[in-house]
Each structure stands twice: as structure tokens, then as C-alpha cells.
Amino acid sequence: MRLRYRAGVAALALLAGSTALSFEPAVLRDLVIETGGQRITIGAVKVPLWSAAFAQSADSFSLENVAFTFGTTTYEAKRIEFSGVSTPRGEIEALFASASTEPMESRLRRINAKQITIPEMRVKQTLGKESQTTTYRNTVLSDVSEGRIALAVIEAMAMESSGAKNKAVITGGRTTMEEVDLPAMARLYEAKADSPSTPMAKIYGAFSLENVQLVDSQEGITFKIARIGGRDFLGRPTKDSWTGTVALMTEMSDRTDLSSEDQTRLLPAIADMMDAFQIGFMEASGIEMASKAKDSAGQARIARIAYTGGTDAQPADMRWEGFEFSDKDNRMKLDSLSLTGFSMRQTLDGLRNLQGKSFDDLDAATARSLVPTFGTLRVSGFSIHGTTEDEGKKVKVQAALKGFELTADKPVNAIPTNLRIGLQNLTMALPTKSTDEGIKELVALGYKNIDLSLMAAASWNEAAKEITLSEVSAQGQDMGSIAIKGLIGNAGKDVFDADTAVATVALAGTKAKALDIVVDNKGLFERYMAKAAKEQKTTPEALRRTYGTAAAFVVPAMIGDSEQAQVLSQAIARFIAKPGKLTVNATPKDPSGFGIAEAVVMSEPKDVLNKLNISAKAE
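Keep in mind the model is a prediction, meaning the values are calculated, not measured.

Undergrad: Looking at this structure, how should I read the nonpolar core?
TA: Nonpolar side chains in soluble globular proteins tend to be buried together. Within the largest apolar cluster, 51 residues are counted, with the highest numbers of intra-cluster contacts made by Phe 61, Leu 63, Ile 80, Phe 82 and Ile 116. The next biggest cluster of nonpolar side chains, apart from the first, holds 22 residues, and it includes Ala 532, Ile 576, Phe 594 and Leu 612.

Laid out in C-alpha cells, this is it:
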């Protein structure tokens, strides 16, 4: 009996001891820390009773009712738990000392913990009339060393965004982040940059976010992303710190009409902010959008959107892959769209160097300095099946494009010196009842479908002071092709001068040095002759003979009877009589070239031909 009594007493004592040891007394309460426009409030700092009783190092502790505010953004957490803390207790207490003026960056560097757990955290942000509240659940930060987090995992998130008229809800699944540098992040908001060349610091490495969904009930739109990921996010402080810059942009967002003084303050700040971060790589995959709106009901899918930041070793690149859209009447598909080699560097530098100017004060040269470098746009695998309006009637549209390319780079005073435009296999079924004059003419020639390709490419050689027209061509299936090449000399840098008067004079001083034209008939001429012969009630063969004979007399009458004119007119006449391939080559008799200004003032074509060496042949 006594043994059972002792055992019961021991059990009660063990239970009471365990309860007491698990109790967390508050060692600090109602803390307020304010540094550089930032404010942190902590309701209580608690440690386990064991640590409090025996003055152990703070292996674990918790914060309750934490709020951190900078500018218009506030972070709130009811509880933050620290475990495996290796930071000495004295430094932990100094971390929360309200009287200290130590920057938050330095305080965060004192945190060394095996794990930090935040059951729930809310982030409230206001930008003008828009506000959003984001809730993060079950956040776990692992292996924290000097404020740097090896791995951060968030179980789920939800964000509610609201404005004057609309309201949207965004939810997300598991989020992971690696190599998160909290001190570096705090420095962005606290510190002011000494110069725009302040080096970038890595804020975090890789991240991923799964199962994102946006619902805008008012607009009837649902938007889903299976996964968002990225890596290598870098940042540097701005001139007025990120806190100051965001505050200025928020202030200006509430104004409907910005004055010149407002623009003078805002434009350099925007440029500074845009240039204050870099993204190594970012992508989103499995994107779906559905709309139930009456005026735009439909659904769209994108397999992948990706962005790769530019470096010294590789150009910036942005691309869309696997795009599809459909609604009641239309279906659209795009295999890929990419933009490579674009750069905002010139724009950012130009905005930063406005030196007190607003957009209202910009001259032509300054405005050009704000133009970004375009790079190369490529589109492939585009097709559309649907309807369009033609004078109040619905007309079916069925078209496809194998590829499109537009390159505009190597700018001089914002004018690209390397241009390339290409359209590959634009195919379209021609509507027989269209009111468009061009389509009506093609249908009249017997075409039910068209397949067209176009190309134009030109570049400037600064050393040689030449502009090379490497190709201007057009070709159509069952039609034929035309190709033009040329060379322009005496084209110095003044041709691209921001002063239009200087550029005009320089352009007038350029000289044509070569021109090649090739026309290859593949059926268009025969269709035209058949149509014209039917209208004139004759045969195509008779009409060709008539046109060929006429050309032999009409062309010399127009361009003169010189040797050059005879060569050209005879080749044209032979081509009309028996359409095949016509080749014309022209070079100036003067080795330095034929002046553009000289050609403009000549009133007669024969005067121009007398300045050229021409060869022409019809095959």
C-alpha cells in the first residue's frame, strides 16, 4: 500500500514538474524598436522555465505578437519560435533592445538557429488605392547562420487584393526558398546607395511556388499556374533606400496628374529602382486561364513562360511556349514566342541622367537616349481558325504562320544599325466573298489559298562607312519571287545623328554603289495573262506577244535609247514574251558611287541610266 502511495506521489510530482518546465515565462515585454523609418513591435519574448531558472543559454525562445513595418508594408505574426539557437543569450537580448540604434542588418546577423517556425504570418501592403493582405501558414526556416537561411518552406499562402472596384483572391501551395540572406534584404530597405555602381548582393538563390490560383469573382476570371520557379535574385540599395523609393512611388501613385516637379523626382527614382535588382532565371509552367465574362468568355493555356537575365556571357531572353486560346467562335495556337538580346540599360541610364528634366522638357536627343535596345523577336507555329467582321458580315478566317523574325539591335543614337525582318510561310484560305480589293483580285486570278514569305535585312559597317542591303525579297507559292540587294557608301555616323538636320545632310551625301534585282516567275504572270486575255477576248499567247512587242518600244521611250536603256528594255521585253527569270545588275560608272542627292535632282530617267553600268538578262 505504501509503495503504491509513493508511486502515485512520484507520478503527480513528475506531471507537475513537466508542466512547470514547459511553461514559458516572459523575460521581455512590450518592445518597440524604431530605426530609419522602420518599426518593430514585440508583445513578449519568452523562454522555457528551465532556461529561465538556471540561466542557461537561450537554446530556444519565442516571440509573441510581432509586427514589423516599413513604409506601407507591415508583417505580423502571433508567434515565432526559435530552436537550436547557438547565439549567446546576451546577444539575443541585445537584439531586441529598444534603446539600441543598431541597424536591422547588423541585428539579423546575430541570429544562429537550427530552426525558426512561424505558424501564421500576415503581410499587409498598400499602394495608392490598392491594398493586399497575404497570409503565410506553417513557415519553417532551417539552418539559420548569421541571419542567412539555408532553406525556407511555406506550407500554403493566400492573398486578398482589393481596390476601389474590384477584388481578387490568390492562393498558393508549397513554397520553398534557398540561401535567403535576411541581413542583405534588410540592408536594401535601410541603406542608401553611395552610387549607382554599388555592387549587387544575392538576396536568395532558388525558389519554387506550386499550385497558384487567382480568382476574380467580379470579372469572372480564374487563373492557375502549376509551378513558378527561379534562381539567383540579386539586389542593391537605391539612392533613397528601398523604403524611401517605395514611399515616393506610393505618394505619386495617388496623384492623377503629375507636375513637372513630380516627374523630375519620380522618373530617376523609377530608373534607380528598376536597376536595383537582377533575376538570374524565372519561369512559370502549366498556366491556365478561364473567363466567364459575357463579352470575353473563353479559355487559354500556356505551357511555359521563362525569363533569363542578361550577363556578360549571355543576352537576356524571354519566351512563351505552347500557347492556346479558344472561345465559341475562335481557336488560336502559338508554338513559341521569344525575345532575345533586349536591354533596358540605355533607358535606365537616360532616366537617371535627366538632371531635373520632365517629359515635357525633353529634346529629341534626350528622348532618343530613353529608347531601349529591342533585340530579336521570333514567333513560330502560329495558327488561327475563327471569324471576323467584314462590312457587318461574319467571315471565316483560317490562317497560319510558320515563322516570323524581327531583329533591331546595335543601336547608334537609338537607331538600330542591324535590321532583319522575316516572314516565313504565311498561309491563308482566301474567303470567296470578301470585300477587300486585294483578296478579291487574288480570287479572280484563281487562287484559293496563299503561301507567302518575305525577308528584309540591312546592316551598317562603321569602319567601311557602308550600309549593306543584304536582302529584300518576297515570294509566293505558285506566284514567283523578287529579290533585291544593294550597297550604299559614304554612310558615316552622322546618318544616325539625333539632330535631324545633321542626319538629313549626311543621308543626302550617301552614294549608291551597287543594285541587283532578280524576278522569278512561278505562275503569277500566267494567271494574270489568262485573266486579261479572257477580259479582252483573246488568247494568253497572243496577249504575251502584244505586250512583249509593246515593251520593246515603250520602255526605251520612257528611259531613253542609250546603250544601257537598250540592254534593259530588251531583257524586259523577252521576259514578258516568255516569263521566266529576269536579272538586272547596276553599278555606278564612278567608282566612288552614285550620289543619292544627285539622283533626286535629275528629272529624266535617262539621265540616271547614263550614270550607270547595267547588265540584264531574261532566262
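Undergrad: How should the packing of aromatic side chains be read in this particular structure?
TA: Pairs of aromatic rings are described using the distance from one ring centre to the other and the angle between the two planes. In the structure shown here, the tally under the stated rule is 10 aromatic pairs. A ring pair is formed by Tyr 204 and Phe 233, whose centres lie 4.7 Å apart and whose planes are at 20°; its orientation type is stacked. Taken together, the residues span a long stretch of sequence, with Tyr 204 in strand 10 (residues 201–204) and Phe 233 in strand 12 (residues 221–235) at a distance of 29 residues. For the pair Tyr 204 and Phe 233, a shared accessibility class is recorded, and that class is buried. Measuring from ring centre to ring centre gives 5.7 Å for Phe 207 and Phe 233, while their planes differ by 80°; the resulting arrangement is edge-to-face. Within this pair, whereas Phe 207 is found in strand 11 (residues 207–216), its partner Phe 233 is found in strand 12, the two being separated by 26 residues in sequence. Of the two residues examined, Phe 207 and Phe 233, each falls in the buried class. Site record: aromatic cluster; members linked through ring pairs are Tyr 204, Phe 207 and Phe 233. Seen from the ring of Tyr 447, Arg 527 lies directly overhead, with NZ or CZ sitting 4.0 Å from the centre.

Undergrad: Explain the pairing of strand 13 (residues 277–291) to me, please; I cannot follow it from the model alone.
TA: Looking down a regular strand, the side chains alternate between one sheet face and the other. Inspection of the sheet shows strand 12 paired to strand 13 by 13 bridges, in the antiparallel sense. Its bridge partner being in strand 13, Gly 235 is matched across the sheet by Phe 277. Pairing of strand 13 with strand 14 (residues 298–308) involves 10 bridges; the strand directions are antiparallel. Considered in strand 14, the bridge of Ala 284 is made with Ile 305. A loop of six residues connects strand 13 with strand 14, the two strands running antiparallel in sequence.

Undergrad: How should I be thinking about the pattern of salt bridges in this particular structure?
TA: Any two side chains of opposite charge can pair if their charged atoms end up close together. For the structure shown, the criterion picks out 23 salt bridges. Of the charged contacts, one joins Asp 143 and Lys 114 as a salt bridge, the two residues approaching to 3.0 Å between their closest N and O atoms. Linking Asp 143 in strand 6 (residues 130–145) with Lys 114 in strand 5 (residues 113–127), this pair joins segments that are 29 residues apart in sequence. Under the relative-accessibility criterion, Lys 114 is labelled exposed at 56%. Across the pair Arg 304 and Glu 283 runs a salt bridge whose closest N-O atoms are separated by 2.7 Å. Pair noted here: Arg 304 is in strand 14 and Glu 283 is in strand 13, with a separation of 21 residues, a long-range link. Arg 304 gets classed as partly exposed once you look at its relative accessible area, which sits at 23%.

Analysis parameters
Residues numbered from 1 in each chain as written. Predicted model: local features only at pLDDT ≥ 70, side-chain atom pairs only at ≥ 80, totals over all residues. Heavy atoms only, no water. Core = buried A, V, L, I, M, F, W, Y, C linked by side-chain atoms within 4.5 Å. Buried < 20%, exposed > 50% of the residue type's maximum accessible area, 1.4 Å probe, protein only. Phe/Tyr/Trp six-rings, centres within 6.5 Å; stacked < 30°, edge-to-face > 60°. Helix = DSSP H or I, 4+ residues; strand = E, 2+ residues; numbered from the N terminus. Lys NZ or Arg CZ within 6 Å of the ring centre and 35° of its normal. Pairing = 2+ DSSP bridges. Salt bridge = Lys/Arg side-chain N within 4 Å of Asp/Glu carboxyl O.

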